[in-house]
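Listed below are the residues making up each chain.
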Amino acid sequence: MTPRQVRLSTTPGPAEIAALSLGDIVYLDGLLYTAREGVYRRALEERSPIPIELPGDSATNFHCSPAATIRKDGSYEMGAVTATASFRFAKWLPEWMARTGAKLVIGKGGMTSKDYNEYFVPNGAVYLSTVGYGTGALLGRGIENVEAVHWQEELGLAQALWVIRCRGMGPFIVASNLDGECLFERENAKIAENVARVYAGTKPAVLKRFGEIDDRADEVI
């Protein structure tokens, strides 16, 4: 079945979020911002005032490293945005979402249903995952303009809080919903059902690296 494609604002309303289904393909319009460990530490642990109006300006947090430069005249150039793994920032997300009203969190690889149920569901938020690897330039096509960059001197280019105006940025895949369900866990369960059949008739490995086992189900990620 062909996945449903959705154009979504970066400040979506409750009805728009509730309408999203696992596996939907999303393209975003509006302002989004980048925030990862440097921003979380500065805003949540050091209690520095957040330099943009959230969620009024944006309710979309992208975990990424922009391929960006600041020109001598103070203007910006950003050709690509490479997503990074969101599970590394899980401990900050409950407070961040509660404080900023973030409704869409974007990153690579997804998180667990436990994370979604504990962090996202209480805040009416969902997770969008990038699709595959090497998509930084593809996502970069959706950048209309870099509106601002904050805390660059303190955090560096990769960790700074970038504010990006986008149009049709994507594709992103809906990896969680308001019920806390996880797309990757659902699909992995389907795959795991057939693992024994795939390996039927094969012999145990003769050579193994340290710590490896012959439990084929353990190899399904």
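Above this text is the structure in question.
Predicted, not measured: the structure shown is a model, and the values here were computed from it.

Engineer: So what's going on with the pattern of salt bridges? Which residues, and what values?
Structural biologist: All chains considered together, the criterion is met by twelve salt bridges. With a shortest N-O distance of 3.1 Å, Glu 147 and Arg 165 are connected by a salt bridge. In this pair, Glu 147 sits in strand β8 (residues 143–150) while Arg 165 sits in strand β9 (residues 161–174), placing the two residues 18 residues apart along the sequence. Given a relative accessible area of 37%, Glu 147 falls into the partly exposed group. With a shortest N-O distance of 2.8 Å, Arg 186 and Glu 187 are connected by a salt bridge. Through salt bridges with shared partners, a single network forms among Arg 36, Glu 37 and Arg 88.

Engineer: So what's going on with the packing of helix α2 (residues 37–45) against helix α3 (residues 93–100)? Residues and values would help.
Structural biologist: Packing of α2 against α3 leaves a shortest axis separation of 11 Å and a crossing angle of 65°. One element, α2, and the other, α3, form an angle in the roughly perpendicular class. Considering only the axes of α2 and α3, their crossing is left-handed. Residue-level inspection shows Val 39, Tyr 40, Ala 43 and Leu 44 of α2 in contact with α3, the latter providing Leu 93, Glu 95, Trp 96 and Arg 99. Its residues assigned to classes, the contact of α2 with α3 shows six nonpolar, no polar and two charged.

Engineer: If you had to explain α2 to someone new, which residues and values would you point to?
Structural biologist: Burial of α2 is extensive: seven of the nine residues sit out of reach of the surface. When we look at burial in α2, the residues that qualify are Glu 37, Gly 38, Val 39, Tyr 40, Arg 42, Ala 43 and Leu 44. Where α2 is buried, its residues meet β2 (25–34), β3 (60–62), α3, α6 (152–155) and β9. Just downstream of α2 lies Arg 47, where phi reads positive at about 60°.

Cut-offs used in this document
- Residues numbered from 1 in each chain as written.
- Predicted model: local features only at pLDDT ≥ 70, side-chain atom pairs only at ≥ 80, totals over all residues.
- Heavy atoms only, no water.
- Salt bridge = Lys/Arg side-chain N within 4 Å of Asp/Glu carboxyl O.
- Helix = DSSP H or I, 4+ residues; strand = E, 2+ residues; numbered from the N terminus.
- Buried < 20%, exposed > 50% of the residue type's maximum accessible area, 1.4 Å probe, protein only.
- Axes fitted to C-alpha atoms, helices over the stretch in contact; angles between N-to-C directions.
- Parallel < 35°, antiparallel > 145°, perpendicular 65-115°, else oblique.
- Left-handed = near helix turned anticlockwise from the far one by under 90°.
- Contact = heavy atoms within 4.5 Å.
- Nonpolar A, V, L, I, M, F, W, Y, C, P; charged D, E, K, R; others polar.

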